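Commentary on secondary and tertiary structure
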There are 2 protein chains.
Amino acid sequence: MISNARSAYQVHDHQRCIDAALNRARQCCAAANARLTPIRETVLLLIWKSHKPLGAYSIVEQLPALTGKRIQPPSVYRAIEFLLELRLIHRIPSLNAFIGCPFPGSEHSDVFMVCRQCGSAAEVSADNLNQLIAETTHKAGFQLESQTVEVSGLCLACNPETPH
Amino acid sequence: MISNARSAYQVHDHQRCIDAALNRARQCCAAANARLTPIRETVLLLIWKSHKPLGAYSIVEQLPALTGKRIQPPSVYRAIEFLLELRLIHRIPSLNAFIGCPFPGSEHSDVFMVCRQCGSAAEVSADNLNQLIAETTHKAGFQLESQTVEVSGLCLACNPETPH
DNA sequence: GGTAAAACGATATAATGTACCAACTTTGTC
DNA sequence: GACAAAGTTGGTACATTATATCGTTTTACC
Ligand SMILES: [Zn+2]
Ligand SMILES: [Zn+2]
Ligand SMILES: [Zn+2]
Ligand SMILES: [Zn+2]
C-alpha cells in the first residue's frame, strides 16, 4: 500500500512535492520520448500548486500570471490530455478537476480520497484492494480493464477525532 | 454480494426490470412521504428504458414524445435530483449520466461496471469490498463517508471469451 | 534547407448544469 | 369551501466544462 495522504493533508514542505513532481515528469517524458513543453510544464506546476484538484478553467485563469500571455481553453485541454496520457496527473470525475499524481511511472490503480471540508485530495494504492475489485467484478461476469475509486469524507487534518 | 449484472448484460425480459423499478419507486416514495409526480415518474421510466446510463439532455430530448410537451432542463434536473436523493437512480460521474438503481431501499455502496463496448452498466455491491475500502482509506488517515467505484471493461455479452 | 510531424493560436460552438423568479398545485387548517 | 403555507413546475437566462476546426508556428529528422 502506497499513499501520499500523510504529506498531502498535513503541514509539509510542499516545495519538495513540486520539485519531485517536476523531476519525475522530466524522467517520464524522456522515457516516453515525449516533450514537456513550456505550456505543459506550467500546467503541471499549476496543478501541483496545492493538493486540491484544479479545474481546467482555473488553469486558464491562472496561466497569464505565469506566462505573460492568455492561453485559450483548447491549449490547456491539450496540455491536460498530454499529462493524463503520461499519467502525470489524474482526473477526478466527480469534480471535473485534475490532480498531480505523486507516483507516476509505477503501475498503480488509485483510490482518490477527497476531503469534503478542505477540498484536498490524496491517493492510496493498495494491491489487495485492486485485487478484490477485480475478483468481485469478475464474479459478476465483468472483465475489468480500468477502475476509478473516489471516496469522500474527512481528511486527517479536518477530522476532529484525529489527534494531531 | 448482490448484483444485477447477469440480467443487465444479457437478453432478458426487461419489462420486468421496468415494472419492478416502478413498484419499488412507489414504495420508496410512500415510505419517505415523497411524491412521485408525473415528471419524476416519466424521467425514471426513461432512465430505465435500458441499462445504459442516460444523460440529462437525452432525457430532455426524449420527454416530449412521452408527455406531449417540451420540458426544460431545470425541470429535468430537479426530477433527477429528487430521484438521486431517494436513491432510485445513481449518477455515473465519468459519464455525466444516470442509471436506475436495481435495489433501492436496501443500504448499499456500489461498484458500477460500465462496458466500454455496448455502454451498458450494472452494479454490484459487496460488503467485503466496501469494508476493505473503508479499512484502506482509514489506514491512510481518512474518515470515509461515501464512495464511488466505477470500473470500465467488457461485460458478459461483449467479452468474446465468455461462453454464451 | 526541405519536409513531415507535432504543437500551438484563435475562433466558434457543443454539452452539461444552475440561478432566479413567477405561476401553479397540493396539503393541511380553520 | 376559504385560506395560507409548502411544494412543484414553467421559462428565461446564464454559468461551467469541453471540443471541433483550421491556419500558423515550431520541432525533428534526413
Ligand atoms: Zn505537497
Ligand atoms: Zn481536509
Ligand atoms: Zn433489464
Ligand atoms: Zn457490453
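Computed from a predicted structure; not experimentally measured. (Residues numbered from 1 in each chain as written. Chains lettered and ligands numbered in written order. Predicted model: local features only at pLDDT ≥ 70, side-chain atom pairs only at ≥ 80, totals over all residues. Heavy atoms only, no water.)

1. Description of the coordination of the zinc ion (ligand 1)
Residues and elements named next belong to chain A.
- Protein-derived coordination of the zinc ion (ligand 1) comes from His12 (NE2), His14 (ND1), Cys17 (SG) and His51 (NE2), at a distance range of 2.0 to 2.2 Å.
- Taken together, the four donor atoms surrounding the zinc ion (ligand 1) define angles of 104 to 120 degrees at the centre, an arrangement classified as tetrahedral.
- Between consecutive donors of the zinc ion (ligand 1), the numbers of intervening residues give the motif H-x1-H-x2-C-x33-H. With His14 and Cys17 both in helix 2 (residues 14-32), this residue pair falls three residues apart, about one helical turn.
- Residue His14 is classed as buried on the basis of its relative accessible area, which comes to 15%. (Donors = N, O, S within 2.8 Å, 3.2 Å for Na, K, Ca; no water. Tetrahedral: all angles 85-135°; square planar, octahedral: opposite > 155°, others 65-115°. Helix = DSSP H or I, 4+ residues; strand = E, 2+ residues; numbered from the N terminus. Buried < 20%, exposed > 50% of the residue type's maximum accessible area, 1.4 Å probe, protein only.)

2. Some remarks on the interface of chain B and chain A
- Tallying the contact residues gives 40 residues for chain B and 40 residues for chain A.
- Buried area between chain B and chain A, both sides added, is near 3200 Å², and the carbon and sulfur share of it is 61%.
- The largest per-residue losses of area from chain B upon contact with chain A belong to Ala140(B), Phe142(B) and Gln143(B), which jointly make up 19% of the total buried on that side.
- Put simply, chain B and chain A have two salt bridges between them.
- Of the charged contacts, one joins Arg116(A) and Glu145(B) as a salt bridge, the two residues approaching to 2.6 Å between their closest N and O atoms.
- Along the contact surface separating chain B from chain A lie 16 residue pairs in polar contact (both at pLDDT 80 or more).
- Put simply, the parts of the chain that give the side of chain B that touches chain A at least two residues each are helix 1 (5-9), strand 5 (111-115), helix 6 (127-139) and strand 7 (143-154) of chain B.
- Residue classes in the side of chain B that touches chain A are distributed as 21 nonpolar, 13 polar and six charged. (Contact = heavy atoms within 4.5 Å. Buried area = accessible area lost by both parts, 1.4 Å probe. Salt bridge = Lys/Arg side-chain N within 4 Å of Asp/Glu carboxyl O. Polar contact = N/O pair within 3.5 Å; in protein donor to acceptor, adjacent residues only side chain to side chain. Nonpolar A, V, L, I, M, F, W, Y, C, P; charged D, E, K, R; others polar.)

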